[in-house]
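# Remarks on the overall topology
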Amino acid sequence: NAGVTQTPKFQVLKTGQSMTLQCAQDMNHEYMSWYRQDPGMGLRLIHYSVGAGITDQGEVPNGYNVSRSTTEDFPLRLLSAAPSQTSVYFCASSYAQRGGIGEQFFGPGTRLTVL
Amino acid sequence: GDSVTQMEGPVTLSEEAFLTINCTYTATGYPSLFWYVQYPGEGLQLLLKATKADDKGSNKGFEATYRKETTSFHLEKGSVQVSDSAVYFCALREYSGAGSYQLTFGKGTKLSVIP
């Protein structure tokens, strides 16, 4: 089991560029999510998905798109990067269970810098 | 909405000192409570959890008790080690009955343990 994998580990973009952060899990988890982590802000939820073909917005979705075509993959797209999107991005997955979600497993993170 | 408040860091302790990191929460229902740990350069890992009032979660010498009367879930360890240096996040997941798929995180507390 590789768990939750994220690529790339580091990325530098120029303002206005687009890119996709990849996330994959091999645990057959229904629930996947993207967070951003900023100093003094904790983790904030960007988007999440409760299964293939189903996505929803979290706390800070603006400037990001997601799709969930398979159970395993949940890519995060930055449409037009801005310096405010400089952050560390974490993908997480878990089983969905009655009343909510189970333990979340986190990927190692992608550190993104937008110049 | 739900919220989690943690003591601000950073916290610096000498090896073998006693650790307390305070966490209080607000929620409308019956949340489950979690402590996650993030070691340098890594993603978050579940440290311990408690799912109902008076439950005590424990792992690796860390403990936290779910106190509904004070809406608290303070993390404690009797004797910290250098290897405990990390950022600690308190989080809650509220049981809504209709299915709640989000965790709410505190801002994190950075712990540094010096020899």
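Up top is the structure these notes are about.
Residues numbered from 1 in each chain as written. Chains lettered and ligands numbered in written order. Predicted model: local features only at pLDDT ≥ 70, side-chain atom pairs only at ≥ 80, totals over all residues. Heavy atoms only, no water.

## Focus on the overall build of chain B
The secondary structure content of chain B amounts to zero helices and twelve strands. Listing every helix and strand of chain B by position from the N terminus yields β-β-β-β-β-β-β-β-β-β-β-β. For 115 residues, the compact-globule estimate of 2.2 N^0.38 gives 13 Å, and chain B sits close to it at 14 Å. With respect to the three principal axes, the spread of C-alpha positions in chain B is 50 × 30 × 20 Å. Evaluated residue by residue, chain B yields a buried proportion of 44% over its 115 residues. Expressed as a percentage of contacts within chain B between residues at least 6 apart in sequence, the contacts between residues at least 24 apart total 57%. In the form shown here, chain B has an accessible surface area of approximately 5,600 Å², with 48% of it arising from carbon and sulfur atoms. Each charge class in chain B can be summarised by its mean position, and for the 10 positive and 12 negative side chains these summaries are 4 Å apart. (Helix = DSSP H or I, 4+ residues; strand = E, 2+ residues; numbered from the N terminus. Rg over C-alpha atoms; globule rule 2.2 N^0.38 Å. Buried < 20%, exposed > 50% of the residue type's maximum accessible area, 1.4 Å probe, protein only. Contact = heavy atoms within 4.5 Å. Areas by Shrake-Rupley, 256 points an atom, 1.4 Å probe, with all protein chains shown as cover. Lys, Arg positive; Asp, Glu negative; His and termini not counted. Charge placed at Lys NZ, Arg CZ, Asp CG, Glu CD.)

## Examining unusual backbone geometry
The omega torsion of the bond from T7 of chain A to P8 of chain A falls at -5°, within 30 degrees of zero and hence cis. Of note, P8 of chain A is situated in the loop between β1 (4-7) and β2 (10-13). With omega at -5°, the peptide bond leading from G9 of chain B into P10 of chain B counts as cis. Here P10 of chain B lies in the loop between β1 (3-6) and β2 (11-14). Residues other than glycine seldom take positive phi values, yet E16 of chain B does so here, at roughly 80°. The residue E16 of chain B is located in the loop between β2 and β3 (19-21) in this model.

## Overview of the state of the cysteines
All names here are of chain A. Following the criterion strictly, the structure yields two disulfides over all chains and no others. Between the sulfur atoms of C23 and its disulfide partner C91 the distance amounts to 1.9 Å. Negative torsions about the S-S bond denote left-handed disulfides, and the value of about -70° found for C23 with C91 makes this one left-handed. You can see C23 sitting in strand β3 (residues 19-25) and its partner C91 sitting in strand β9 (residues 87-94), a full 68 residues away along the chain. (Disulfide = S-S within 2.5 Å.)

## Examining the pattern of salt bridges
Under the definition given, this model contains five salt bridges over all chains. A salt bridge links D38 of chain A to R36 of chain A; its shortest N-O distance comes to 2.8 Å. You'll find D38 of chain A and R36 of chain A in the same group, each marked buried. With its nearest N and O atoms 3.6 Å apart, the salt bridge here joins E63 of chain B to K56 of chain B. For K56 of chain B, a relative accessible area of 52% corresponds to the exposed category. (Salt bridge = Lys/Arg side-chain N within 4 Å of Asp/Glu carboxyl O.)

## Digging into the sheet that holds strand β9 (residues 75-77) of chain B
Residue and element names in this part refer to chain B. A sheet is described by the order of its strands in space; here four strands give the open sequence β3-β9-β8-β7, paired in antiparallel fashion. A single partner strand is all that each edge strand has here, and the edge strands are β3 and β7 (56-59). For this sheet, the mean inter-axis angle between neighbouring strands, taken without regard to orientation, is 15°. Bridge analysis of strand β8 (residues 62-65) against β9 gives three bridges, and the strand direction is antiparallel. Paired with E63 across the two strands is E76, which belongs to β9. (Pairing = 2+ DSSP bridges. Axes fitted to C-alpha atoms, helices over the stretch in contact; angles between N-to-C directions.)

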